[in-house]
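# Descriptive analysis of the structure
Here are the chains, one letter per residue:
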Number of protein chains: 2
Amino acid sequence: MRDKLSACPVETTLLVINDRWKVLILRELLDGTKRFGELRKSIGTVSPKVLTSHLRSMEEDGLVDREIFAEVPPRVEYTLTELGDSLKPILDAMKDWGTDYQAKVKLKLKETNED
Amino acid sequence: MRDKLSACPVETTLLVINDRWKVLILRELLDGTKRFGELRKSIGTVSPKVLTSHLRSMEEDGLVDREIFAEVPPRVEYTLTELGDSLKPILDAMKDWGTDYQAKVKLKLKETNED
DNA sequence: CTGAATCCGCTTGGATACTG
DNA sequence: CAGTATCCAAGCGGATTCAG
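In this text the structure is predicted, and so the values were computed from the model without any measurement.

### Thoughts on the nonpolar core
- Core analysis: the largest hydrophobic core is formed by 60 residues, its most contacted members being L63, I90 and W97 of chain A together with L63, I90 and W97 of chain B.
- Each residue touching W97 of chain B, except ones within four places of it in the same chain, is listed here: T13, V16, L63, L83, S86, L87 and I90 of chain A.

### Details of the protein's contact with DNA strand C
- Around DNA strand C, a shell composed of 17 residues is seen, among which K49 and P74 of chain A together with G37, R66 and Y78 of chain B lie nearest.
- Backbone sugar and phosphate groups make up 66% of those atoms of DNA strand C lying within 4 Å of the protein.
- In this structure, a phosphate oxygen belonging to DNA strand C sits 3.2 Å away from a side-chain N or O atom of W21 of chain A.
- Mapped by element, the contributors of at least two residues to the surface near DNA strand C are α4 (48-60) of chain A together with α3 (36-43), α4 (48-60) and β3 (75-80) of chain B.
- It is α4 of chain B that provides the largest number of residues to the surface near DNA strand C, a total of 4 residues.
- Taken together, the residues that form the surface near DNA strand C break down as 9 nonpolar, 3 polar and 5 charged.

### A word on the relation of the copies chain B and chain A
- Relative to chain A, chain B is turned by 180° and slid 0.0 Å along the rotation axis, the superposed coordinates differing by an RMSD of 0.1 Å. These values place the two chain copies in the arrangement generated by a two-fold rotation axis. When C-alpha distances to the rotation axis are compared across chain B, the minimum falls at I90 of chain B, with a value of 2.9 Å.
- Most of the interface of chain B is mirrored in chain A: 100% of its interface residues are interface residues there too.

### Regarding unusual backbone geometry
- Here V72 of chain A and P73 of chain A are connected by a cis peptide whose omega angle stands at 0°.
- Looking at the secondary structure, you find P73 of chain A in the loop between β2 (64-69) and β3 (75-80).

### Brief notes about the sheet that holds β2 of chain A
Residue and element names in this part refer to chain A.
- The sheet built from 3 strands is open, its strands ordered β1-β3-β2 with antiparallel pairing. The outermost strands of the open sheet, each flanked by one partner alone, are β1 (34-35) and β2.
- Bridge count for β1 against β3 is 2 bridges, and the pairing is antiparallel. Of the residues in β3, the one forming a bridge with K34 is Y78.
- Running over the sheet, helix α2 (residues 20-29) touches β1, β2 and β3 and is turned about 95° from β3.
- Its contacts with the sheet place α4 against β2 and β3, and it is angled at close to 115° to β2.

### Re the UniProt feature "domain: HTH hxlR-type" (unreviewed entry) in chain A
- Feature annotation in UniProt assigns "domain: HTH hxlR-type" (unreviewed entry) to the following positions: residues 8-106 of chain A.
- Summarising residues 8-106 of chain A: 64% helix, 14% strand, and an end-to-end C-alpha distance of 36 Å.

Conventions used here
Residues numbered from 1 in each chain as written. Chains lettered and ligands numbered in written order. Predicted model: local features only at pLDDT ≥ 70, side-chain atom pairs only at ≥ 80, totals over all residues. Heavy atoms only, no water. Core = buried A, V, L, I, M, F, W, Y, C linked by side-chain atoms within 4.5 Å. Buried < 20%, exposed > 50% of the residue type's maximum accessible area, 1.4 Å probe, protein only. Contact = heavy atoms within 4.5 Å. Near = heavy atom within 4 Å. Polar contact = N/O pair within 3.5 Å; in protein donor to acceptor, adjacent residues only side chain to side chain. Helix = DSSP H or I, 4+ residues; strand = E, 2+ residues; numbered from the N terminus. Nonpolar A, V, L, I, M, F, W, Y, C, P; charged D, E, K, R; others polar. Least-squares fit on C-alpha atoms with pLDDT ≥ 70 in both. Pairing = 2+ DSSP bridges. Axes fitted to C-alpha atoms, helices over the stretch in contact; angles between N-to-C directions. UniProt positions renumbered as here; feature names shortened; annotations may be inferred.

Listed below in structure tokens is the structure:
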């Protein structure tokens, strides 16, 4: 976990997940354990370098566990820790808002077409 | 509002508020209307350029209203729209999580000192 | 007071190639 | 497969100055 915190809880949260990639990683891992390659594909387009760096950062912050299997070919699995899982309410709120927003945009486009 | 959306609600939300500054602006404006200078001070340290550009972006996204008063000295007030206000649950979730996180860190530091 | 304009450095991310 | 290493481009944000 991070020791340097802001006095403001919102800012504290921002320190940990103020990042497009981290939010997307969270979204994926909330569905369950995933391998490196699975993550890469499901997130969309991320270079391995970027994905790795963000996963490492989330490990340091205690959000993600990394399990290495001594196999050939190699397998590495990423899982949310309890702390990482506790971010679910935020993701849920984002999902709810995004859903509403999409509906409003769709409605607006429809009205525009009817003019 | 933005017309280009992602299929994923979470990503849609990220398009609008995936930004440290925007979240902080939201936090401030959820308390009510504020002037440019007030925002600047309460957010911490932001150059006027950066604050302006983010406010403009949020205006375009329909989150913020900007009201100009023809006075000397000039006064400009920023207020959340209904859409902007509807982001409150996300901010609340972030606040809750940040509060818990701060408590955990404090507890951990205490334990460390007692060792 | 509220910005707009300019310059500039740094971080972030993308592409690519390579290794265990 | 799961990264690491390198290089490079673009964008973002900071500082500063100036204007209405």
